[in-house]
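# A structural walkthrough
Okay, here's what each chain looks like letter by letter:
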Amino acid sequence: MTYEKDMPILVFDSGVGGISVLKELVKVLPHENFIFFGDSKNSPYGTKSIKEIQKLTINNIKHFFNLGIKGLVIACNTATSASIIEVRRQFPSLAIVGIEPAIKPAVAAFPNGRILIMGTPITITGKNLKELIDLYKGDSTLIPLACPGLMEYVEHNKTNTYEFKEFLTNLLKPYIENPVDAFVTGCTHYPFIRKEIQNTLKNNPVFFDGANGTSRALKRLLSSRNLLRENGKGNIEFLSSDTSEEKIALCKNLFEKDI
Ligand code: DGL
């Protein structure tokens, strides 16, 4: 396989959440062409088995790999946790980066602090997260919190509902009573509800997400392979396995939304 600078980079997520990563990618790599693909028809991934997630992830990537891409961003903590080793094995020559919860910068900012790590059940119970915690924990108190059902509010554009407010209040109740200094959004859907999480937690904790680290990692990787596109305006294409007009409109709206 030969890769060329003008080829697009695939930004893959189980749904619309990866757009929070795409927003950072275009800031760090403004000349690149991106294809965003969300597998919304099959979301959520975070409550599926590892085998199922691997199968869906590989099949989706294969489709775009055969069309021609020079790089891949797995803009999904769940798919990264469940399948990045397998993805690297199946596409050995492709420039690949995944996303992981931004524990390192959170602990650097709050070395003795209480830090909430929010993610899907697969990410929170995964081996990768355990390794990250062991590596960076130091004197901080890291609190992993599985949030099944949370990404759906972003995915189905229901973050303005009373039901969502109630869901978040129930989920975060222990940390309203016993506050945290910071929270890590270990799911790419959650940066879109950062303000709601902060408002629910009341004490305005600082939030950390992995999009910037992932974008810089991709830049380094492409540069080391002489595949960086250095001029011209990049193009972005939004695609989803849910081909409804509403879903594509939601992708575009989220891309414009301030985080
Ligand atoms: N955006 C995905 C993540 O970062 C959502 C997971 C899901 O589909 O449950 O984990």
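Along every chain, residues carry numbers that run from 1 in the direction the sequence is written. Only residues with pLDDT of 70 or above have their local features reported here, since the model is predicted, and side-chain atom pairs are shown and tallied only from 80 upward, although totals for entire chains, interfaces and linings are computed over all residues. The basis for every side-chain value is the complete set of non-hydrogen atoms in the structure, without hydrogens or water.

### Digging into the sheet that holds strand 8 (residues 206-208)
Counted only if it meets this: Strands are labelled as partners when DSSP assigns at least two bridges between them. Put simply, DSSP H or I for four residues or longer makes a helix, DSSP E for two residues or longer makes a strand, and each gets a number counted from the N terminus. To obtain each axis, a line is fitted to C-alpha atoms, and for helices this fit is confined to the stretch in contact; angles are then taken between N-to-C directions over 0 to 180 degrees.
Within the open sheet, the four strands sit side by side as 6-5-7-8. Their pairing is parallel. If you trace the sheet from one side to the other, it starts and ends with strand 6 (141-146) and strand 8, each paired once. Direction aside, neighbouring strands of the sheet carry axes that sit 25° apart on average.

### Comments concerning the side chain of Ser81
For the record, the criterion: What makes two residues a contact is simply this: any of their non-hydrogen atoms within 4.5 Å.
Relative to the elements of secondary structure, Ser81 occurs in helix 3 (residues 77-90). Residues within four places of Ser81 in sequence aside, it is in contact with Ile122, Thr123, Gly126 and Asn128.

### A few points about the site of the ligand
Filter applied, for reference: When we say a residue is near a molecule or strand, we mean one of its heavy atoms is within 4 Å of it. Side-chain atoms alone can form a polar contact between residues adjacent in sequence; in general such a contact is a pair of N or O atoms within 3.5 Å, and within protein one must be able to donate a hydrogen while the other accepts it. Accessible surface area values rest on a Shrake-Rupley calculation with a 1.4 Å probe, where residue burial reflects the displayed protein chains alone.
The local shell around the ligand holds 13 residues, among which Ser14, Tyr45, Gly46, Thr78 and Thr188 are the closest. Interatomic distance of 2.8 Å between a side-chain N/O atom of His189 and a nitrogen atom of the ligand. Summarising the interface, the protein chains cover 99% of the accessible area of the ligand, which totals 300 Å² for the free molecule.

### Things to note about the packing of helix 1 (residues 19-28) against helix 11 (residues 245-256)
Note the cut-off: Working definition: roughly parallel below 35 degrees, roughly antiparallel above 145 degrees, roughly perpendicular at 65 to 115 degrees, and oblique for all remaining angles. The crossing is said to be left-handed when, going from far helix to near helix, the turn is anticlockwise and less than a right angle, and right-handed when the turn is clockwise. In this count, Pro and Cys sit with the nonpolar residues alongside Ala, Val, Leu, Ile, Met, Phe, Trp and Tyr, while Asp, Glu, Lys and Arg are called charged and the others, Gly among them, polar.
Viewed as axis vectors pointing N to C, helix 1 and helix 11 meet at an angle of 50°, and their least axial separation amounts to 9 Å. Taken as axis vectors, helix 1 and helix 11 run oblique relative to one another. Viewed along their axes, helix 1 and helix 11 form a crossing whose handedness is right-handed. Across the interface between the two elements, Ile19, Leu22, Lys23 and Val26 from helix 1 touch Cys251, Leu254, Phe255 and Glu256 from helix 11. Per-class residue counts for the contact of helix 1 with helix 11 are six nonpolar, no polar and two charged.

### What to know about the environment of Ile61
Considering the arrangement of structural elements, one finds Ile61 in helix 2 (residues 50-67). Put simply, Ile61 and Val11 are 50 residues apart on the chain and 9.6 Å apart in space, counted from C-alpha to C-alpha. Residue contacts for Ile61: discarding those within four places in its chain leaves Leu10, Leu72, Val87 and Phe91.

By themselves these figures say nothing about function.
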